[in-house]
Amino acid sequence: MTKMSRSILSLAMMAAMAGPASADVIKVGVIGTFSGPYALFGKNFKMGIDTWVAQNGNKVGGHTVEFVYKDEEGPNPAKSKALAQELIVKDKVQYLAGIYFTPNAMAVAPLLEESKTPLIVMNAATSSIVEKSPYIVRTSFTMWQNTVPAAKTAIKNGAKKVAIAVSDYGPGIDAEAAFKKTFEAEGGAVVEAIRIPLNTTDFSPIMQKIQAAGADTIFCFLPSGPPTIGFFKAYVDNGLKAAGVKLMSTGDIVTEIDLPSIGDSSLGVLSTYHYAVSHQSPENKSFLEAMAKVGAGPDEVAMTGIAAYDGARVIYKMIEATNGQRDPAKAVDSVKGMNWVSPRGTVSIDPETRHIRQNVYLRVVEKVDGKLVNKETGAVFSDQPDWALSKR
Amino acid sequence: MTELVLPHHAAGRRIPLIGEAAIALAFAAAGALGYFLFPDDLAFLTRLIGIAFLVLSLDLVTGYCGIATLGHAALFGGAAYAVGAACIRGISDPFALLAIGLCSGAVLGLVSGALISRFRGLPQLVLSIAIGQLVAGLANKLQWLTGGSDGLSGLEPGKVFGVFGFDMYSRTAFLLSFTVLAITFLLLRRVVNSPFGLMCRGIKDDSLRARMMGASIYPRFVIMYGIAGAVAGLGGALTAMSTGVVGLDSVSFERSAEVLVMLVLGGAGHLWGALIGSVIFMLFEHIVAAANPFHWMTLVGLLLILIVVFAPRGLIGPLTALCARLFSREKKT
């Protein structure tokens, strides 16, 4: 009974799988945070992809590309895995993309080899994700990539005693490790390392701890979104800013989306990041104009938009290389070493790690025409690899 | 000498177990329907079944004993973590994992039941939330065991009977979950209709009267909580095995609140109500979220308001009334 039903099923499936090749629509499943507190970052996935499609059309070598969106909601690995399964089995997608949270990416990874589906990660920033499957390529960033330059900057600016405060999950722990290793190797001292639970809303006790430790600089990482605003408020309210304790971070706590709600107290904060909306280049200018055309309001462009835009470019290249056939190994091989000029600067896919190599910029929060922006200071750490993966 | 004439209730007594057989048949039909009509949706259906266990479990304590709780996911998630940790440490037989889920759920149920059923009303509700938060906090903190906020991933349970592996299409997971659900449902029916189950219901309706009759309340509630824990544990185990991941969402407050909503939607105090509630809520959420991944939450909120306004006692009320009317009409004609 089960055997028969299985064979019938597999027949049906073969028929179905043969379907898309002749129908010639190549589907890409995008899993992102489209509702809830992280909705704007999910919206950036969609806008980034829409921008790429608007500029380059929805056809690659005669194949029509179609994007299917699913809502990952929040850090919910079981749901993300079920969504990925649904996209693969029901929607018959040839590529998966997106994914905001690390645990969700970890949950999806085991499906890729069995289903022969490449995954283009457009946010989740824990280094080890790309090691979970040979079919994962990442176009966003990693904590190591953005943090090592931060530690170097701290040394250069004369920081002696640093307190590290990070969110207690994968990327946060990565950031802590990266900063500590680089900073101590260059002779600095880490006087306090705090891991903050993800759903913390009151950051005052943390600020008091930092104050007690006598740090001259705070390095922090929190996932962009509501928590960063609370963190900032506590930093100012507890008098650390007034006392001259410097705040440094990766760009995540001063995303352009959050800056208006943080307000003027963010002025002067240093951050190292792979993309600033204010980046001066013709590519970025036309990217921002195109983003506005697909519905990005002012202050709505975030790093997930650029990762999705470049991710779509990678997917197009994969489709072109495989001529629309399901061949994940060939698809992934075709983008290894691929390089191009992105709106964020020159980037390339590291052939060894399948992670994006890119410039990391030192920026400072400034007011330009009455609007808070991350202004690049001119200090550029060029062609940064993912330090955690490349050293091995 | 007077003769005591007992009214003879023929229904269901003539052929033993006919009720059970009918239900088993209905389950088999529903399962086959799901399996053959929606072969592409089995991952979702399996997830639904996992949640249905939790709603059934909640029904046992809330619907049958009147214990208000907003921390029920602790039992489900606690068991899921136990199964996940065991699986990572090399126990891969699915039935062994199910047993682990069942036992850890039951233990968690007994412990939290022993605490929660000491109180009534608001303190009880607060205590249930506290226990839920405690378990959630532990799951986040005990990183060596639970993986913290990254959760446990890459669980690979062995093959069922050594033949059917858990694959991408969730066929094995679906059939296994469904079978376990059917068996659990039949057993629970026995439990709630047993003298023990009836007494629980009696206590819920009028605890003073029950106490006057000499019934001791506390041990009964604790035992019911233990049974509920075992049921929730099964759900947690099945979910962990079929998805291969256990995350903080499985012990979250949102999960507890969501299943309470499902129970109210279906109708508390009926096993069928719990099933109907979970199926309808999950289906609605699934369809709406697929149709519009950006604004689906608003529509789910709207559904809840409509249900509370038009069927405050759950969908099972109007449904049973309809059934009763249909059957009585049949008898008349």
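None of these values were measured; they are calculated from a predicted model.

Further remarks concern the overall build of chain B. Across its full length, chain B carries 14 helices and zero strands. Helices and strands appear in chain B in the N-to-C order α-α-α-α-α-α-α-α-α-α-α-α-α-α. Against the 2.2 N^0.38 benchmark of 20 Å for 333 residues, chain B shows a C-alpha radius of gyration of 21 Å, consistent with a compact globule. Seen along its three principal axes, the alpha-carbon backbone of chain B occupies a region of about 75 × 45 × 45 Å.

As a further point, take the environment of V25 of chain A. Residues and elements named next belong to chain A. Counting through the fold element by element, V25 comes out in strand β1 (residues 25-32). On the accessibility criterion, V25 (30% relative accessible area) is partly exposed. In sequence terms V25 and G324 are 299 residues apart; their C-alpha atoms lie 8.7 Å from each other.

Our next topic: the side chain of Q145 of chain A. Residues and elements named next belong to chain A. Inspection of the secondary structure assignment puts Q145 in helix α5 (residues 143-156). One polar contact links Q145 to H355, side chain to side chain, over a distance of 2.8 Å. If we skip the residues at most four places from it in the chain, Q145 touches H355, I356, R357, Q358, V360, Q384, P385, D386 and W387.

Residues and elements named next belong to chain A. If you check which residues of helix α7 (residues 204-213) are buried, you get I206, M207 and I210. Down the axis of α7, the smallest arc covering the buried residues is 100°, so these residues share one side. G214 occupies a position one or two residues after α7 and carries a positive phi of about 70°.

Tallying the contact residues gives 34 residues for chain B and 41 residues for chain A. For the pairing of chain B and chain A, the buried interface totals around 3400 Å² over both sides, and the portion due to carbon and sulfur atoms is 58%. At the boundary of chain B and chain A, one finds three salt bridges. For D168 of chain A, the salt bridge goes to K141 of chain B, with nearest N and O atoms at 3.6 Å. For the interface between chain B and chain A, the tally reads five residue pairs in polar contact (both at pLDDT 80 or more). Of the residues assigned to the side of chain B that touches chain A, the class counts are 14 nonpolar, 11 polar and nine charged.

Accessible area lost during the coming together of the parts is what is often quoted as the interface size. Residues and elements named next belong to chain B. Segmenting chain B into domains produces domain 1 (1-37) and domain 2 (42-253). Measuring from the centre of the C-alpha atoms in domain 1 to the corresponding centre in domain 2 gives 27 Å. Taken residue by residue, the interface counts 10 residues in domain 1 and 12 residues in domain 2. Here domain 1 meets domain 2 over a buried area of about 960 Å², counting both sides, of which 78% is carbon and sulfur. When the area that domain 1 buries against domain 2 is broken down by residue, the three leading residues are E20, F27 and Y35, summing to 62%. Across the contact surface, domain 1 and domain 2 share two salt bridges. Of the charged contacts, one joins E20 and R189 as a salt bridge, the two residues approaching to 4.0 Å between their closest N and O atoms.

The next point concerns the environment of V160 of chain B. All names here are of chain B. Tracing the backbone through its elements, the reader meets V160 in the loop between α6 (143-146) and α7 (171-193). With 83 residues separating them in the primary sequence, V160 and T243 have C-alpha atoms 15 Å apart. Setting aside residues up to four positions removed in sequence, V160 forms contacts with P94, F95, F166, T172 and L176.

On to the packing of aromatic side chains. All names here are of chain B. Within this structure, the stated rule accounts for 23 aromatic pairs over all chains. The interplanar angle of 80° and the centroid separation of 5.1 Å between the aromatic rings of Y35 and F36 together place this pair among those described as edge-to-face. Among the aromatic residues, ring-to-ring pairing joins F27, Y35, F36, F174, F178, F185 and W272 into one connected group.

Residues and elements named next belong to chain A. If you trace the six strands from one edge of the open sheet to the other, you get β2-β3-β1-β4-β5-β6, paired in mixed fashion. With one partner strand each, in any of the chains shown, β2 (59-60) and β6 (136-138) form the two edges of the open sheet. The pairing of β1 with strand β4 (residues 95-98) spans four bridges and is parallel. By the bridge assignment, G29 is partnered in β4 with L96. Where helix α2 (residues 39-56) meets the sheet, it contacts β1, β2, β3 (63-71) and β4, and its direction lies at approximately 170° from that of β3.

This part covers the nonpolar core. The biggest cluster of nonpolar side chains holds 81 residues, and the ones touching the most others in it are F27, F53, L56, L60 and L271 of chain B. Take this core: its biggest share by element is 14 residues, from helix α2 (residues 42-63) of chain B. Split by domain, the residues of this core number at least three in each of domain 1 (1-37) and domain 2 (42-253) of chain B. Apart from residues no more than four positions distant in its own chain, F27 of chain B is found in contact with F178, L181, A182, F185, W272 and L275 of chain B. By size, the runner-up hydrophobic cluster in this structure holds 67 residues, among which are A84, Y135, V335 and I349 of chain A.

Turn by turn, an α-helix covers 3.6 residues, leaving residues three or four places apart pointing in a common direction. End to end, helix α12 (residues 271-291) of chain B covers 30 Å across 21 residues, agreeing with the expected 30 Å (1.5 Å per residue, within 8%). When we look at burial in α12 of chain B, the residues that qualify are L271, G273, A274, L275, G277, S278, F281, M282, E285, H286, V288 and A289 of chain B.

Moving on: the confidence of the model for chain A. On average, residues of chain A score 87 in pLDDT, and 93% of them are at 70 or above. Scored below 50 in pLDDT, residues 11-22 of chain A shows five contacts in the model against residues more than four places distant or in partner chains.

Quick notes on the rules
- Residues numbered from 1 in each chain as written.
- Chains lettered and ligands numbered in written order.
- Predicted model: local features only at pLDDT ≥ 70, side-chain atom pairs only at ≥ 80, totals over all residues.
- Heavy atoms only, no water.
- Helix = DSSP H or I, 4+ residues; strand = E, 2+ residues; numbered from the N terminus.
- Rg over C-alpha atoms; globule rule 2.2 N^0.38 Å.
- Buried < 20%, exposed > 50% of the residue type's maximum accessible area, 1.4 Å probe, protein only.
- Polar contact = N/O pair within 3.5 Å; in protein donor to acceptor, adjacent residues only side chain to side chain.
- Contact = heavy atoms within 4.5 Å.
- Arc of directions from axis to C-beta.
- Buried area = accessible area lost by both parts, 1.4 Å probe.
- Salt bridge = Lys/Arg side-chain N within 4 Å of Asp/Glu carboxyl O.
- Nonpolar A, V, L, I, M, F, W, Y, C, P; charged D, E, K, R; others polar.
- Domains from an automatic or database assignment.
- Phe/Tyr/Trp six-rings, centres within 6.5 Å; stacked < 30°, edge-to-face > 60°.
- Pairing = 2+ DSSP bridges.
- Axes fitted to C-alpha atoms, helices over the stretch in contact; angles between N-to-C directions.
- Core = buried A, V, L, I, M, F, W, Y, C linked by side-chain atoms within 4.5 Å.
- Expected span 1.5 Å × (residues − 1).
- pLDDT = per-residue confidence, 0-100.

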